[in-house]
Amino acid sequence: MEQKTLTKPILRLDRVCYQYRNKYQSVDAVKTASAEFFEGKTYAIIGKSGSGKSTLLSLIAGLALPTDGQVLYRGVPTDDFDLDKYRRNNVAVVYQSFNLFPLMTCLENVCFPLELLGKTPKEAAVIAREYIAHVNLPETVWRRFPNMISGGEKQRVAIARALASGAKIILADEPTGNLDVANGEKIVQLLSDLAHEDNYTVIIVTHDMSITQVVDEVMQMSDGYLLPLVGESCE
Ligand SMILES: Nc1ncnc2c1ncn2[C@@H]1O[C@H](COP(=O)(O)OP(=O)(O)O)[C@@H](O)[C@H]1O
Ligand SMILES: [Mg+2]
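Residues numbered from 1 in each chain as written. Chains lettered and ligands numbered in written order. Predicted model: local features only at pLDDT ≥ 70, side-chain atom pairs only at ≥ 80, totals over all residues.

Chemist: Could you give me a rundown of the overall build of the protein chain, with the residues and numbers involved?
Modeler: For the protein chain, the helix and strand inventory stands at eight helices and 10 strands. Expressed along its principal axes, the backbone C-alpha trace of the protein chain runs to roughly 45 × 45 × 40 Å. When each of the 235 residues of the protein chain is scored for burial, the buried share is 42%. The contacts of the protein chain with a sequence gap of at least 6 include a subset with a gap of at least 24, amounting to 70%. (Helix = DSSP H or I, 4+ residues; strand = E, 2+ residues; numbered from the N terminus. Buried ≥ 20, exposed ≤ 12 C-beta atoms within 10 Å, placed from the backbone. Contact = placed C-beta atoms within 7 Å.)

Chemist: Lay out the site of ligand 1 in plain terms, naming residues and giving numbers.
Modeler: Taken together, Tyr20, Val27, Ala29, Gly47, Ser49, Gly50, Ser51, Gly52, Lys53, Ser54 and Thr55 make up all the residues around ligand 1. Taken together, the elements giving at least two residues each to the shell around ligand 1 come down to β2 (26-37) and α2 (53-60). Per-element tally for the shell around ligand 1: the top contributor is α2, with three residues. Across the shell around ligand 1, the residue classes break down as three nonpolar, seven polar and one charged. (Near = placed C-beta within 6 Å. Nonpolar A, V, L, I, M, F, W, Y, C, P; charged D, E, K, R; others polar.)

Chemist: So what's going on with α2? Which residues, and what values?
Modeler: For an α-helix, 3.6 residues make a turn, and residues three or four places apart therefore share a direction. Taken residue by residue, α2 has Lys53, Thr55, Leu56, Leu59 and Ile60 as its buried positions. For α2, the angular spread of the buried residues around the axis is 165°, confining them to a single face. Positive backbone phi, at 75°, marks Gly62, one or two positions downstream of α2. (Arc of directions from axis to C-beta.)

Read these as layout, nothing more, since geometry by itself doesn't imply function.
Shown next, in the form of C-alpha coordinates:
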(Lines give C-alpha, C1' and ligand atoms only; values in the text may rest on other atoms or scores of the structure.)
(Ligands and ions follow the chains in the order given, each with its own letter.)
Protein backbone atom coordinates (compact mmCIF):
# COMPACT_ATOMS: atom_id res chain seq x y z
CA MET A 1 0.00 0.00 0.00
CA GLU A 2 2.80 2.34 0.97
CA GLN A 3 4.51 1.94 -2.38
CA LYS A 4 1.35 3.02 -4.16
CA THR A 5 1.37 6.33 -2.34
CA LEU A 6 5.04 6.92 -3.18
CA THR A 7 5.26 5.79 -6.79
CA LYS A 8 3.13 6.48 -9.79
CA PRO A 9 1.74 3.51 -11.69
CA ILE A 10 3.33 2.76 -15.06
CA LEU A 11 -0.11 1.79 -16.29
CA ARG A 12 -3.53 2.89 -15.18
CA LEU A 13 -6.94 1.84 -16.37
CA ASP A 14 -9.56 4.50 -15.78
CA ARG A 15 -13.11 3.17 -16.25
CA VAL A 16 -12.10 1.40 -19.44
CA CYS A 17 -14.93 0.11 -21.62
CA TYR A 18 -14.77 -1.75 -24.89
CA GLN A 19 -17.68 -2.58 -27.11
CA TYR A 20 -17.40 -4.76 -30.21
CA ARG A 21 -20.03 -3.66 -32.62
CA ASN A 22 -21.20 -4.14 -36.13
CA LYS A 23 -24.32 -3.11 -37.99
CA TYR A 24 -26.51 -5.63 -36.21
CA GLN A 25 -25.04 -6.40 -32.82
CA SER A 26 -22.86 -5.10 -30.06
CA VAL A 27 -20.99 -6.87 -27.27
CA ASP A 28 -19.82 -5.05 -24.15
CA ALA A 29 -16.59 -7.00 -23.62
CA VAL A 30 -14.97 -4.71 -21.01
CA LYS A 31 -17.04 -2.65 -18.59
CA THR A 32 -15.63 0.25 -16.55
CA ALA A 33 -12.40 -1.55 -15.68
CA SER A 34 -10.16 0.45 -13.36
CA ALA A 35 -6.80 -0.67 -12.00
CA GLU A 36 -3.21 0.43 -11.40
CA PHE A 37 -0.09 -1.51 -12.32
CA PHE A 38 3.34 -0.71 -10.88
CA GLU A 39 6.88 -1.31 -12.04
CA GLY A 40 8.62 -4.28 -10.46
CA LYS A 41 5.37 -6.15 -9.78
CA THR A 42 3.64 -9.22 -11.13
CA TYR A 43 -0.11 -9.42 -11.69
CA ALA A 44 -2.43 -12.24 -12.65
CA ILE A 45 -5.82 -11.69 -14.25
CA ILE A 46 -8.04 -14.73 -14.09
CA GLY A 47 -11.55 -15.30 -15.40
CA LYS A 48 -13.78 -17.58 -17.40
CA SER A 49 -13.54 -17.84 -21.14
CA GLY A 50 -15.42 -14.91 -22.67
CA SER A 51 -15.05 -12.71 -19.59
CA GLY A 52 -13.03 -10.08 -21.49
CA LYS A 53 -9.42 -10.91 -20.59
CA SER A 54 -8.00 -10.90 -24.11
CA THR A 55 -9.92 -7.76 -25.01
CA LEU A 56 -8.48 -6.03 -21.96
CA LEU A 57 -4.95 -7.15 -22.90
CA SER A 58 -5.40 -5.85 -26.43
CA LEU A 59 -6.40 -2.45 -25.01
CA ILE A 60 -3.32 -2.38 -22.77
CA ALA A 61 -1.17 -3.50 -25.72
CA GLY A 62 -2.52 -0.66 -27.88
CA LEU A 63 -4.05 -3.02 -30.42
CA ALA A 64 -7.32 -1.16 -29.92
CA LEU A 65 -8.48 1.98 -28.15
CA PRO A 66 -11.13 1.91 -25.42
CA THR A 67 -14.60 2.90 -26.61
CA ASP A 68 -14.93 4.75 -23.30
CA GLY A 69 -12.52 5.51 -20.44
CA GLN A 70 -8.73 5.57 -20.76
CA VAL A 71 -5.67 3.36 -20.66
CA LEU A 72 -2.85 5.59 -19.36
CA TYR A 73 0.82 4.75 -19.85
CA ARG A 74 2.95 6.84 -17.49
CA GLY A 75 -0.01 9.18 -17.19
CA VAL A 76 -0.57 9.60 -20.94
CA PRO A 77 -3.74 8.14 -22.48
CA THR A 78 -3.09 5.66 -25.28
CA ASP A 79 -5.41 7.80 -27.43
CA ASP A 80 -2.66 10.44 -27.42
CA PHE A 81 0.10 8.08 -28.61
CA ASP A 82 1.08 7.14 -32.11
CA LEU A 83 -0.32 3.65 -31.56
CA ASP A 84 2.20 1.94 -33.86
CA LYS A 85 5.05 3.36 -31.81
CA TYR A 86 3.30 2.64 -28.51
CA ARG A 87 2.80 -1.00 -29.53
CA ARG A 88 6.38 -1.38 -30.67
CA ASN A 89 8.15 0.34 -27.78
CA ASN A 90 6.14 0.19 -24.60
CA VAL A 91 4.34 -3.11 -24.30
CA ALA A 92 5.40 -6.59 -25.37
CA VAL A 93 3.08 -9.58 -25.55
CA VAL A 94 4.00 -13.20 -24.92
CA TYR A 95 1.50 -15.77 -26.16
CA GLN A 96 0.44 -19.29 -25.24
CA SER A 97 1.47 -20.52 -28.68
CA PHE A 98 4.82 -18.64 -28.54
CA ASN A 99 4.32 -16.99 -31.99
CA LEU A 100 7.98 -17.22 -32.95
CA PHE A 101 8.86 -16.60 -36.59
CA PRO A 102 9.31 -20.18 -37.86
CA LEU A 103 11.75 -19.36 -40.67
CA MET A 104 14.12 -17.41 -38.44
CA THR A 105 16.61 -18.92 -36.02
CA CYS A 106 16.14 -18.22 -32.34
CA LEU A 107 18.85 -15.57 -32.51
CA GLU A 108 17.19 -13.93 -35.53
CA ASN A 109 13.86 -13.92 -33.70
CA VAL A 110 15.40 -11.91 -30.87
CA CYS A 111 17.33 -9.66 -33.30
CA PHE A 112 14.12 -8.73 -35.10
CA PRO A 113 12.82 -6.04 -32.69
CA LEU A 114 16.35 -4.67 -32.26
CA GLU A 115 16.71 -4.14 -36.00
CA LEU A 116 13.27 -2.48 -36.02
CA LEU A 117 14.71 -0.11 -33.40
CA GLY A 118 17.51 0.77 -35.82
CA LYS A 119 20.37 -1.46 -34.65
CA THR A 120 22.65 -2.85 -37.32
CA PRO A 121 22.51 -6.65 -37.70
CA LYS A 122 25.87 -6.93 -35.91
CA GLU A 123 24.83 -4.75 -32.98
CA ALA A 124 21.49 -6.55 -32.79
CA ALA A 125 23.19 -9.96 -32.61
CA VAL A 126 25.40 -8.87 -29.71
CA ILE A 127 22.47 -7.50 -27.71
CA ALA A 128 20.21 -10.43 -28.62
CA ARG A 129 22.76 -12.88 -27.22
CA GLU A 130 22.72 -11.01 -23.93
CA TYR A 131 18.94 -11.28 -23.75
CA ILE A 132 19.07 -14.96 -24.66
CA ALA A 133 21.57 -15.56 -21.85
CA HIS A 134 19.42 -13.47 -19.50
CA VAL A 135 16.46 -15.85 -19.94
CA ASN A 136 18.77 -18.77 -19.12
CA LEU A 137 18.98 -20.31 -22.56
CA PRO A 138 22.19 -22.05 -23.55
CA GLU A 139 24.17 -20.84 -26.55
CA THR A 140 23.32 -24.08 -28.33
CA VAL A 141 19.83 -22.80 -29.16
CA TRP A 142 20.99 -19.64 -30.97
CA ARG A 143 21.26 -21.15 -34.38
CA ARG A 144 18.32 -23.51 -34.13
CA PHE A 145 14.95 -22.87 -35.70
CA PRO A 146 11.96 -22.78 -33.33
CA ASN A 147 10.79 -26.26 -34.37
CA MET A 148 14.10 -27.65 -33.09
CA ILE A 149 13.64 -26.59 -29.45
CA SER A 150 11.27 -27.55 -26.62
CA GLY A 151 8.14 -25.65 -25.57
CA GLY A 152 9.83 -24.21 -22.50
CA GLU A 153 12.76 -23.04 -24.62
CA LYS A 154 10.39 -21.50 -27.19
CA GLN A 155 8.69 -19.50 -24.45
CA ARG A 156 12.09 -18.30 -23.23
CA VAL A 157 12.99 -17.16 -26.75
CA ALA A 158 9.62 -15.38 -26.94
CA ILE A 159 10.38 -13.64 -23.65
CA ALA A 160 13.88 -12.69 -24.83
CA ARG A 161 12.29 -11.21 -27.97
CA ALA A 162 9.82 -9.30 -25.77
CA LEU A 163 12.68 -7.86 -23.71
CA ALA A 164 14.60 -6.93 -26.86
CA SER A 165 11.74 -4.65 -27.90
CA GLY A 166 12.71 -2.42 -24.96
CA ALA A 167 9.20 -2.57 -23.51
CA LYS A 168 8.92 -2.32 -19.75
CA ILE A 169 5.48 -3.95 -19.61
CA ILE A 170 5.22 -7.64 -20.47
CA LEU A 171 1.74 -8.98 -21.12
CA ALA A 172 1.52 -12.75 -21.07
CA ASP A 173 -1.65 -14.38 -22.42
CA GLU A 174 -1.78 -17.93 -20.93
CA PRO A 175 2.05 -18.24 -21.08
CA THR A 176 2.00 -21.70 -19.47
CA GLY A 177 -0.94 -23.05 -21.50
CA ASN A 178 1.22 -25.19 -23.78
CA LEU A 179 3.78 -26.26 -21.19
CA ASP A 180 3.99 -29.10 -18.69
CA VAL A 181 3.75 -28.18 -15.01
CA ALA A 182 7.50 -28.08 -14.34
CA ASN A 183 8.30 -25.91 -17.38
CA GLY A 184 5.27 -23.71 -16.68
CA GLU A 185 6.56 -23.05 -13.17
CA LYS A 186 10.00 -22.16 -14.51
CA ILE A 187 8.52 -19.67 -16.98
CA VAL A 188 6.47 -18.02 -14.23
CA GLN A 189 9.61 -17.89 -12.08
CA LEU A 190 11.49 -16.21 -14.94
CA LEU A 191 8.69 -13.65 -15.37
CA SER A 192 8.73 -13.00 -11.59
CA ASP A 193 12.51 -12.52 -11.64
CA LEU A 194 12.20 -10.05 -14.50
CA ALA A 195 9.73 -8.02 -12.45
CA HIS A 196 11.50 -8.22 -9.11
CA GLU A 197 15.11 -7.98 -10.28
CA ASP A 198 14.87 -5.91 -13.47
CA ASN A 199 11.80 -3.80 -12.65
CA TYR A 200 9.53 -5.00 -15.46
CA THR A 201 5.77 -4.93 -14.98
CA VAL A 202 4.38 -8.38 -15.73
CA ILE A 203 0.67 -8.98 -16.32
CA ILE A 204 -0.32 -12.61 -16.80
CA VAL A 205 -3.75 -13.63 -18.05
CA THR A 206 -4.34 -17.22 -17.03
CA HIS A 207 -6.61 -20.10 -16.12
CA ASP A 208 -3.74 -21.60 -14.15
CA MET A 209 -4.66 -21.10 -10.50
CA SER A 210 -1.16 -22.08 -9.34
CA ILE A 211 0.09 -18.80 -10.86
CA THR A 212 -2.17 -16.85 -8.52
CA GLN A 213 -0.09 -18.16 -5.60
CA VAL A 214 3.16 -16.63 -6.84
CA VAL A 215 2.22 -13.22 -8.24
CA ASP A 216 2.04 -10.03 -6.21
CA GLU A 217 -1.59 -9.23 -7.03
CA VAL A 218 -4.52 -11.17 -8.46
CA MET A 219 -7.51 -9.69 -10.24
CA GLN A 220 -10.52 -11.40 -11.69
CA MET A 221 -12.52 -10.63 -14.81
CA SER A 222 -16.16 -11.49 -14.67
CA ASP A 223 -18.60 -10.59 -17.43
CA GLY A 224 -16.40 -7.67 -18.53
CA TYR A 225 -15.82 -6.33 -15.03
CA LEU A 226 -12.35 -6.29 -13.47
CA LEU A 227 -12.50 -7.05 -9.77
CA PRO A 228 -10.17 -7.95 -6.93
CA LEU A 229 -10.00 -11.75 -6.61
CA VAL A 230 -13.01 -13.25 -4.85
CA GLY A 231 -13.16 -16.98 -4.09
CA GLU A 232 -10.75 -19.62 -5.30
CA SER A 233 -11.72 -20.70 -8.80
CA CYS A 234 -12.21 -19.10 -12.18
CA GLU A 235 -14.05 -22.09 -13.66
N1 LIG B 1 -13.95 -9.70 -32.57
C2 LIG B 1 -15.03 -9.81 -31.77
N3 LIG B 1 -16.26 -9.40 -32.17
C4 LIG B 1 -17.32 -9.48 -31.37
N5 LIG B 1 -17.28 -9.97 -30.11
C6 LIG B 1 -16.10 -10.39 -29.65
C7 LIG B 1 -14.90 -10.35 -30.45
N8 LIG B 1 -13.87 -10.85 -29.71
C9 LIG B 1 -14.40 -11.19 -28.52
N10 LIG B 1 -15.73 -10.92 -28.48
C11 LIG B 1 -16.64 -11.12 -27.34
O12 LIG B 1 -16.20 -10.28 -26.27
C13 LIG B 1 -16.32 -10.97 -25.03
C14 LIG B 1 -14.95 -11.05 -24.37
O15 LIG B 1 -14.09 -11.86 -25.18
P16 LIG B 1 -12.55 -12.10 -24.83
O17 LIG B 1 -11.94 -10.78 -24.50
O18 LIG B 1 -11.95 -12.87 -25.94
O19 LIG B 1 -12.63 -12.98 -23.50
P20 LIG B 1 -11.57 -13.99 -22.84
O21 LIG B 1 -10.22 -13.66 -23.35
O22 LIG B 1 -11.75 -13.76 -21.38
O23 LIG B 1 -12.00 -15.35 -23.25
C24 LIG B 1 -16.95 -12.32 -25.35
O25 LIG B 1 -18.34 -12.19 -25.18
C26 LIG B 1 -16.58 -12.53 -26.80
O27 LIG B 1 -17.55 -13.36 -27.43
MG1 LIG C 1 -8.81 -14.95 -24.29
